[in-house]
Amino acid sequence: MKAIRVHSHGGPEVLRYEEIPQPAPGKGEALVRILAAGVNYIDTYHRRGLYQVPLPFTPGVEAAGVVEDVGPEVSEVQVGDRVAYTGPLGAYAEYAVVPASRLVKLPEGIDFSTAAAVLLQGMTAHYLTHSTYPLKPGDTALVHAAAGGVGLLLVQVAKMRGARVIGTVSTEEKAALAKEAGADEVILYTKQDFEAEVKRLTDGRGVHVVYESVGKDTFEKSLNCLLPRGYLVLFGQSSGPVPPFDPQILNQKGSLFLTRPTLQHYVATREELLQRAGDVLGWVASGKLKVRIDSTFPLGEAAEAHRRLESRQSAGKILLKP
Ligand code: NDP
């Protein structure tokens, strides 16, 4: 089968399109024929070696497709089921072997591209707004990179929770998309001082929570945007990792909370996975949650897909198709 392989860490050019043996499912596993794979920022961290995985490897942690074969002791899915998953590495390929307990069956009306576009980022928006800091009416949330893959979904889900949402984006085009997704206010953080703007928009008070995915470039000012006892939810680092941090700063800035969550800990049990995925796919099927696909590349052009994601030009989801 064809797959993208990484033999050494580096830029997009290390993503090589190769022929490798098709894997076979073992106990508790299913073989999925991949019809669409999601491109996520974490794939760039794996590629660069920021998050270490043993070399060589096939990147990609999200896909949708059809179950082609199952190993012994699989009860969750059957051959022919339409499924999606996120978690196990190896989605940039024609086939992947996945623990059956990680597979989610797709409801009617959800196509493979939409499923691969929404599962990881939609469940991220879900856990951030429902579990990490459960938003309630009257809360104000600051969402950085509000026109990104996660960002556009996070804005919509935060609005469903009844919060006021302030988004940050780099361009006017992205501002229009964030507004369309429901953001009450949008700040161009490349032109305006977002800390001063947040203070202005909240009458000097600040916000209850910052959903912070940009990391290095925005972290410190994000802390300054919070109300006393507010929550800094650092869930990404698109501009680079946040340097070492003195917890005493949380005291000085108002007894703040800081957490660094990741999706896998919020879908650790099958029950929680199915509950979050069920909500997200249900919202999409009913039209309550809109999914924006930025672009779709053939699998062999994975390097181009990474260049687009890291260039800051994309708005919404990038997909690969084998
Ligand atoms: P995005 O589509 O959001 O792309 C990244 C965006 O970040 C860019 O479009 C850009 O938006 C903004 N950005 C700001 N500074 C930079 C920079 N220096 N370089 C590149 N981009 C920059 O990506 P994803 O939706 O895939 O992921 C968003 C973030 O969420 C990532 O950091 C990812 O690691 C994290 N994440 C974390 C999860 C978790 O569970 N912890 C799960 C999923 C994602 P703009 O042009 O508007 O500034």
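Our subject is the structure listed above.
Residues numbered from 1 in each chain as written. Predicted model: local features only at pLDDT ≥ 70, side-chain atom pairs only at ≥ 80, totals over all residues. Heavy atoms only, no water.

With respect to the packing of helix α1 (residues 41-48) against helix α9 (residues 302-310)
Packed helices, taken two at a time, are described by the angle between their axes plus the distance between the axes.
At step 1: The interhelical angle for the contact between α1 and α9, taken along N-to-C directions, is 110°, at an axis separation of 10 Å. With respect to α9, the axis of α1 lies roughly perpendicular. With respect to the hand of their crossing, α1 and α9 are arranged in left-handed fashion. Here Tyr41, Asp43, Thr44, Arg47 and Arg48 of α1 lie close against α9, whose contacting residues are His306, Leu309 and Glu310.
At step 2: Looking at the contact of α1 with α9 residue by residue, the class counts come to two nonpolar, two polar and four charged. (Axes fitted to C-alpha atoms, helices over the stretch in contact; angles between N-to-C directions. Helix = DSSP H or I, 4+ residues; strand = E, 2+ residues; numbered from the N terminus. Parallel < 35°, antiparallel > 145°, perpendicular 65-115°, else oblique. Left-handed = near helix turned anticlockwise from the far one by under 90°. Contact = heavy atoms within 4.5 Å. Nonpolar A, V, L, I, M, F, W, Y, C, P; charged D, E, K, R; others polar.)

What about the nonpolar core?
At step 1: Formed by 57 residues in total, the largest nonpolar core has its most connected members in Met123, Leu135, Leu154, Tyr211 and Leu289.
At step 2: At the level of elements, β4 (62-70), α2 (112-132), β8 (140-143), α3 (149-160), β9 (164-169), α4 (172-180), β11 (207-212) and α8 (270-286) are the ones that each hand at least two residues to this core.
At step 3: The dominant element in this core, judged by the number of residues it contributes, is α2, at eleven residues.
At step 4: Of the domains in this structure, domain 1 (2-119 + 268-321) and domain 2 (136-260) are the two that each give at least three residues to this core.
At step 5: Not counting the four nearest positions on each side in its chain, Leu289 is found in contact with Val118, Leu153, Gln156, Val157, Met160, Val280, Trp283 and Val284.
At step 6: Ile4, Val32, Val67 and Ala96 belong to the second-largest nonpolar core, a separate cluster that totals 31 residues. (Core = buried A, V, L, I, M, F, W, Y, C linked by side-chain atoms within 4.5 Å. Buried < 20%, exposed > 50% of the residue type's maximum accessible area, 1.4 Å probe, protein only. Domains from an automatic or database assignment.)

Observations concerning the side chain of Thr140
At step 1: Here Thr140 is to be found in strand β8.
At step 2: For Thr140, a relative accessible area of 9% gives the class buried.
At step 3: Ignoring any residue separated from it by four or fewer positions in sequence, one finds Thr140 in contact with Arg164, Ile166, Thr202, Val207, His208 and Val209.

Re the site of the ligand
At step 1: Near the ligand lie 30 residues; those nearest to it are Tyr127, Ser170, Lys174, Tyr189 and Arg312.
At step 2: At 2.9 Å from an oxygen atom of the ligand is found a side-chain nitrogen or oxygen belonging to Tyr45.
At step 3: Mapped onto the shell around the ligand, the elements with two or more residues apiece are α1, α2, α3 and α9.
At step 4: Looking at the shell around the ligand, its residues break down into 13 nonpolar, 13 polar and four charged. (Near = heavy atom within 4 Å. Polar contact = N/O pair within 3.5 Å; in protein donor to acceptor, adjacent residues only side chain to side chain.)

Overview of the packing of aromatic side chains
At step 1: One pass over the structure, following the stated rule, counts six aromatic pairs.
At step 2: Here Tyr231 and Phe257 contribute two aromatic rings whose centre-to-centre distance is 4.5 Å and whose plane-to-plane angle is 10°, an arrangement assigned as stacked. Of this pair, Tyr231 sits in strand β12 (residues 226-234) while Phe257 sits in strand β13 (residues 257-259), and the two are 26 residues apart along the sequence.
At step 3: By way of ring pairs, the aromatic residues Tyr41, Tyr45 and Tyr51 are connected into one cluster.
At step 4: Over the ring of Tyr17 we find Lys2, and its NZ or CZ is 5.6 Å from the ring centre.
At step 5: In this structure, Arg82 is placed above the aromatic ring of Phe112, and the distance from its NZ or CZ to the ring centre is 5.0 Å. (Phe/Tyr/Trp six-rings, centres within 6.5 Å; stacked < 30°, edge-to-face > 60°. Lys NZ or Arg CZ within 6 Å of the ring centre and 35° of its normal.)

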